Amino acid sequence: MNDKKIEEVKGRQILQVQDVFFNNPLKDVYTAALPIAGCAWVDTGDGVVLIDTLIRENVAKKVYRKIKGKIKYIIYTHGHRDHVGGAAAFLADNPEIIANKYLSDRLDKYKILAAHRAHVTAVQFNFPDIKYHTNYIYPTKTFLGEMTISLGNKTFKLHTARAETDDVCWVHVPEIKTAFIGDLIIGFFPNIGNPWKPTRFALDWAKTLEEIRNLDLEYIFCSGAGIMYKGKRVYKALNANIEIIRSLHDQVVDYINQGMHVSEMIHAVKVPEHLKKNPYLKIRYSRPEFFVYNVYRWYHGYFDDNPAHLLPRPEKEVKAEIFGLIEDPNKILNRARELFDNDQSQLGLQILDVLIQADPENIEARKLRIELLSELGAQDYCLMSRNAWVYFIDKDKEFLRSKGEI
Ligand SMILES: [Zn+2]
């Protein structure tokens, strides 16, 4: 009998937070932040330039009420919902809305994939009852390359890039030595790699941060504008992010050239020792394994050089065959439990999956899976993987409840 204590694992529900934190960190620059999203506005003496809009209209309205002066421009740093979702709250003065040329395509994509994205958001953000809205406010003016806006006593130099997304627009305001860089830095290990999303542009991301590093800056605003770095910390944050991206990217490239399987690669690629405790790179949102998958998928097709995987039969069918040879569910349950007891819960989860794929309603298997997932989740500080474990624990509990088992 297992004597391990099963910890209840809780997800992180940052999307539900409604409290907006306001700040005025330097003259003429104001910010509003939620845990995942931030926005900033700059007073020019001849109207306001708003950079990003928070995630939803209801919280964005709280920001609108704080803004003094006419909003002349809204700039989207990219099309993620937590940057464009609140735009409807800021339209009273009929501002020009400026974005990267590809941002509108992203909003179109969100509309055609609404059902899928609702599911992804439910898992990734532990938000099971999400209502996925597609009522986006599109830009009124788009561009590629560089664009300059002069307003009042400030100049806004806009630059497009491919980094977290293909529709990045970062903003440099030289008069106040400030750059607004959206999610190019998020205060943690960079968001390069998300198990549910298309690939990010790792190498271009590093090059964009290098371009920003070449500027004479006193401030950068990042993670929307929820995080600000000042003085030396500007360059420390930039250096740390550039170094980790280049290091992990180059390791993946080397391993691809060596023909390593991606399931080995995610364990072989290492964060350099001197960056492991770097305060700018804590594993809180994404994680190195997701980064590896990301770069691998960018450079590599789906085929892993195993002829059994070129045109495979459905996974369920294959595992049902294997289970047919094993015959006894207890053999699988016992081995999976042994692995759990030996702190090899990931391997246990994959072994148990043979039984669950062959017999999804096996009560003992679903109970054991909750234990395995709880162990994986308990030590996991990455928001995305932690929330995934929690989502599937909740699904298993829901199933057991429906059978009167808990
Ligand atoms: Zn983003």
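How each quantity is defined
- Residues numbered from 1 in each chain as written.
- Predicted model: local features only at pLDDT ≥ 70, side-chain atom pairs only at ≥ 80, totals over all residues.
- Heavy atoms only, no water.
- Domains from an automatic or database assignment.
- Contact = heavy atoms within 4.5 Å.
- Buried area = accessible area lost by both parts, 1.4 Å probe.
- Salt bridge = Lys/Arg side-chain N within 4 Å of Asp/Glu carboxyl O.
- Polar contact = N/O pair within 3.5 Å; in protein donor to acceptor, adjacent residues only side chain to side chain.
- Helix = DSSP H or I, 4+ residues; strand = E, 2+ residues; numbered from the N terminus.
- Nonpolar A, V, L, I, M, F, W, Y, C, P; charged D, E, K, R; others polar.
- Pairing = 2+ DSSP bridges.
- Axes fitted to C-alpha atoms, helices over the stretch in contact; angles between N-to-C directions.
- Buried < 20%, exposed > 50% of the residue type's maximum accessible area, 1.4 Å probe, protein only.
- Donors = N, O, S within 2.8 Å, 3.2 Å for Na, K, Ca; no water.
- Tetrahedral: all angles 85-135°; square planar, octahedral: opposite > 155°, others 65-115°.
- Disulfide = S-S within 2.5 Å.
- Phe/Tyr/Trp six-rings, centres within 6.5 Å; stacked < 30°, edge-to-face > 60°.
- Lys NZ or Arg CZ within 6 Å of the ring centre and 35° of its normal.

Draft legend 1. Spatial organisation of the domain arrangement of the chain. The domain boundaries assigned to the chain delineate domain 1 (9-143), domain 2 (177-305) and domain 3 (312-402). Distance from the C-alpha centre of domain 1 to the C-alpha centre of domain 2: 23 Å. Counting residues at the interface gives 26 residues for domain 1, matched by 18 residues for domain 2. Overall, the association of domain 1 and domain 2 removes approximately 1,500 Å² of surface from exposure, summing both partners, and the carbon and sulfur fraction of that is 66%. Of all residues in domain 1, Leu26, Val120 and Gln124 bury the most surface against domain 2, accounting for 27% of the area lost on that side. Summed over the shared surface of domain 1 and domain 2, the result is zero salt bridges. Joining domain 1 to domain 2, the criterion identifies five residue pairs in polar contact (both at pLDDT 80 or more). Within the residue set of the side of domain 1 that touches domain 2, elements represented by two or more residues are β1 (21-26), β2 (29-33), β3 (38-43), α2 (81-84) and α4 (114-124). Within the side of domain 1 that touches domain 2, the residues separate by chemical class into 13 nonpolar, eight polar and five charged.

Draft legend 2. Local environment of the sheet that holds strand β7 (residues 141-143). Within the open sheet, the seven strands sit side by side as β1-β2-β3-β4-β5-β6-β7. Their pairing is mixed. Of all strands in the sheet, those with a lone pairing partner are β1 and β7, marking the two edges. For this sheet, the mean angle separating the axes of adjacent strands, direction not counted, is 20 degrees. Sheet topology places strand β6 (residues 96-100) next to β7; three bridges connect them, and they run parallel.

Draft legend 3. Just the pairing of β1, in detail. As defined by bridge partners, β1 adjoins β2 across four bridges and the pair is classed as antiparallel. Each bridged residue has a counterpart across the sheet, and for Phe21 the counterpart in β2 is Ala33. In textbook terms, the turn of a hairpin is the stretch between consecutive antiparallel strands, and for β1 and β2 this stretch comprises two residues, one of which, Asp28, has a positive phi near 75 degrees.

Draft legend 4. Main features of the pattern of salt bridges. Under the definition given, this model contains 21 salt bridges. Ionic pairing is found between Glu57 and Lys61, a salt bridge with its closest N-O pair at 4.0 Å. Of the two residues, Glu57 and Lys61 both sit in helix α1 (residues 57-64), four residues apart, roughly one turn of that helix. Under the relative-accessibility criterion, Glu57 is labelled partly exposed at 34%. Here Asp166 makes a salt bridge to Arg106, at a shortest N to O gap of 3.2 Å.

Draft legend 5. The arrangement of the coordination of the zinc ion in detail. For the zinc ion, the protein coordination sphere consists of His78 (NE2), His80 (ND1), Glu164 (OE) and Asp183 (OD), at 2.1 to 2.2 Å. Here the zinc ion binds four donor atoms, and the angle range of 86 to 162 degrees at the metal identifies the geometry as irregular. Read in sequence order, the donor residues coordinating the zinc ion give the pattern H-x1-H-x83-E-x18-D. Taken together, the positions of His78 in the loop between β5 (71-75) and α2 and Asp183 in the loop between β11 (178-180) and α5 (202-213) put the pair 105 residues apart, joining distant regions of the chain. Asp183 matches His78 in its accessibility class, with the two residues each being buried.

Draft legend 6. Quick peek at the state of the cysteines. For the coordinates displayed, the defined rule picks out zero disulfides. Cysteine Cys39 is unpaired, with the sulfur of Cys222 as its nearest cysteine sulfur at 14 Å. Look at Cys39 and you get buried, because its relative accessible area is 0%. Not engaged in a disulfide, the cysteine Cys382 finds its nearest cysteine sulfur in Cys222; these two sulfurs lie 19 Å apart.

Draft legend 7. Expanded view of unusual backbone geometry. We note that Asp52 has phi near 70 degrees; this positive angle belongs to a residue other than glycine. Along the chain, Asp52 falls in the loop between β4 (48-51) and α1. Residue Asn126 is not a glycine yet carries a positive backbone phi of 50 degrees. Of note, Asn126 is situated in the loop between α4 and β7.

Draft legend 8. Quick look at the packing of aromatic side chains. Counted by the stated rule, this structure contains nine aromatic pairs. On the basis of an interplanar angle of 10 degrees and a centroid distance of 5.6 Å, the ring pair of Tyr30 and Trp41 is categorised as stacked. Linking Tyr30 in strand β2 with Trp41 in strand β3, this pair joins segments that are 11 residues apart in sequence. Taking relative accessible area as the criterion, Tyr30 reaches 27% and is therefore assigned partly exposed. For Trp41, a relative accessible area of 4% gives the class buried. Of note, Lys66 hangs over the ring of Phe22, and the distance from its end group to the ring centre comes to 4.7 Å. Taking NZ or CZ as reference, Arg366 lies 4.1 Å from the ring centre of Phe399, over its face.

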